[in-house]
Amino acid sequence: MPFEKSPHLIFWEVTKACPLACKHCRANSISSPLPDELSTEEGKKLLEEIAEFGKVVIVFTGGDPLLRKDIFELLTYAKSLGLVTSIAPAPSQLLSSETIEKLRGLVSYMSISLDGAQPRTHDWLRGLGSYKYAIKGIETALRYGINIQVNTLVWKRNYEELPEIVKLLKDLKVKVWEVFFLIPVGRGTAELDIPRERYREVIEFLVEVTRYDLIVRTVEAPFFRRAKLEYSEDIETTNPLIIKLRKMLGEPMKGVDKSVIPTRDGSGVLFISYNGDIYPSGFLPIRLGNVRTDNIVKIYRESELLNMIKTGKLKGKCGTCNYNEICGGSRARAYAVYNDPLAEDPACYY
């Protein structure tokens, strides 16, 4: 397996504090940092351990990482260790032009959430005014030469807007779109999710979007990779999202992007909470240890659960599927539904 010894992405929730209270968030956001947050020195020690993996991507997330007073010091230190730095700020008033200018040179990537093609959709989920901060943040970061990734949650109110979101991203000149599928944790309740029979429509649509010169990634829908590899241009589509997309953007300009990075919860991915607890991902709440007492490299390489996930020792159809290695299903959804991180992914339509 490509991620046997080192992950590709490590997410560090540097703080729980956040100015937003998004309806779907896995965390219960608060206005101020919690007292057991990792200190600056503890954070630097963590970054030193992460650097032992090699050149991995470290994503500073939250909450809102901009609410940490030492965020620029931590980013500077991470970069000095040779880590690939990324930040995921909340789309709020904190994401000012001055802040983005300070981030230039410190981060290789920035991800900003945009959950609707229009303000009323996005703001219903994230709070009044958030849409304008998201758009301004995207435009400003691109102007400063920061690589931008737009994150979008698929949910009931934006399902029919997905083609309009793609049009907006193309107009903004965004190159990378990461699409999140709901896991029922925290406030991410099933009531916000699209009907299960719509999953296939959305996945087929996302495959089509790659033909419009947009890099598409999914979170908690790894079966998207299978859909890309099995795509055939010979099949005439009746998918309403694809039909709408072609009406808006014209015929596709290229073939499907069939590149694959076979990460899954706990394989190529790790998550560190604000207090140092280590998890397979932000959506899979099985505690593996704590960075204050455990070495993160040792945890990743020696954890029995992670090694079973990395080697595809899964149950049900995920265990027998020919796409076990490049997909493997959402371990977080399996745990949320079956209380078993090795069970099959109940959202997979294959």
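Residues numbered from 1 in each chain as written. Predicted model: local features only at pLDDT ≥ 70, side-chain atom pairs only at ≥ 80, totals over all residues. Heavy atoms only, no water.

### Things to note about the state of the cysteines
Right, on to step 1. Inspection of the entire model under this criterion finds zero disulfides.
Right, on to step 2. Of all cysteine sulfurs in the structure, the one in cysteine 22 sits closest to cysteine 18, which takes part in no disulfide; the separation is 6.1 Å.
Right, on to step 3. Judged by its relative accessible area of 13%, cysteine 18 is buried.
Right, on to step 4. With no disulfide of its own, cysteine 318 lies closest to cysteine 348 among cysteine sulfurs, the gap being 6.2 Å. (Disulfide = S-S within 2.5 Å. Buried < 20%, exposed > 50% of the residue type's maximum accessible area, 1.4 Å probe, protein only.)

### Some thoughts on the nonpolar core
Nonpolar side chains in soluble globular proteins tend to be buried together.
Right, on to step 1. In this structure, Trp12, Phe60, Met110, Trp177 and Phe205 are the most contacted members of the largest nonpolar core, which totals 90 residues.
Right, on to step 2. In terms of residues, this core owes the most to one element, helix 7 (residues 199-209), which gives seven residues.
Right, on to step 3. In this structure, this core is formed jointly by two domains, domain 1 (9-303) and domain 2 (312-349), each of which donates at least three residues.
Right, on to step 4. Core analysis: the next-biggest nonpolar cluster, separate from the first, contains five residues, Leu125, Leu153, Trp155 and Leu182 among them. (Core = buried A, V, L, I, M, F, W, Y, C linked by side-chain atoms within 4.5 Å. Helix = DSSP H or I, 4+ residues; strand = E, 2+ residues; numbered from the N terminus. Domains from an automatic or database assignment.)

### Looking at unusual backbone geometry
Glycine aside, residues mostly have negative phi, and peptide bonds are mostly found in the trans state.
Right, on to step 1. Note that the residue after glycine 62, namely glycine 63, is joined by a cis bond; omega there is 25°.
Right, on to step 2. Residue position: glycine 63 is located in the loop between strand 2 (57-61) and helix 2 (71-80).
Right, on to step 3. In this model, asparagine 339 sits at a positive phi of 60°, which is unusual for a non-glycine residue.
Right, on to step 4. Along the chain, the position of asparagine 339 falls in the segment after helix 13 (331-338).

### What to know about the domain arrangement of the protein
Right, on to step 1. Domain boundaries assigned for the protein yield domain 1 (9-303) and domain 2 (312-349).
Right, on to step 2. Distance between the C-alpha centres of domain 1 and domain 2: 22 Å.
Right, on to step 3. Carbon and sulfur atoms make up 65% of the surface buried where domain 1 meets domain 2, a total of about 1,900 Å² over both sides.
Right, on to step 4. Contact with domain 2 buries surface across domain 1, with Phe223, Arg226 and Arg264 losing the most and accounting together for 31% of the total.
Right, on to step 5. In this assembly, domain 1 and domain 2 are joined by zero salt bridges.
Right, on to step 6. Applying the counting rule to domain 1 against domain 2 returns ten residue pairs in polar contact (both at pLDDT 80 or more).
Right, on to step 7. For the side of domain 1 that touches domain 2, the secondary-structure elements that each account for two or more residues are helix 7 and helix 8 (224-229). (Buried area = accessible area lost by both parts, 1.4 Å probe. Salt bridge = Lys/Arg side-chain N within 4 Å of Asp/Glu carboxyl O. Polar contact = N/O pair within 3.5 Å; in protein donor to acceptor, adjacent residues only side chain to side chain.)

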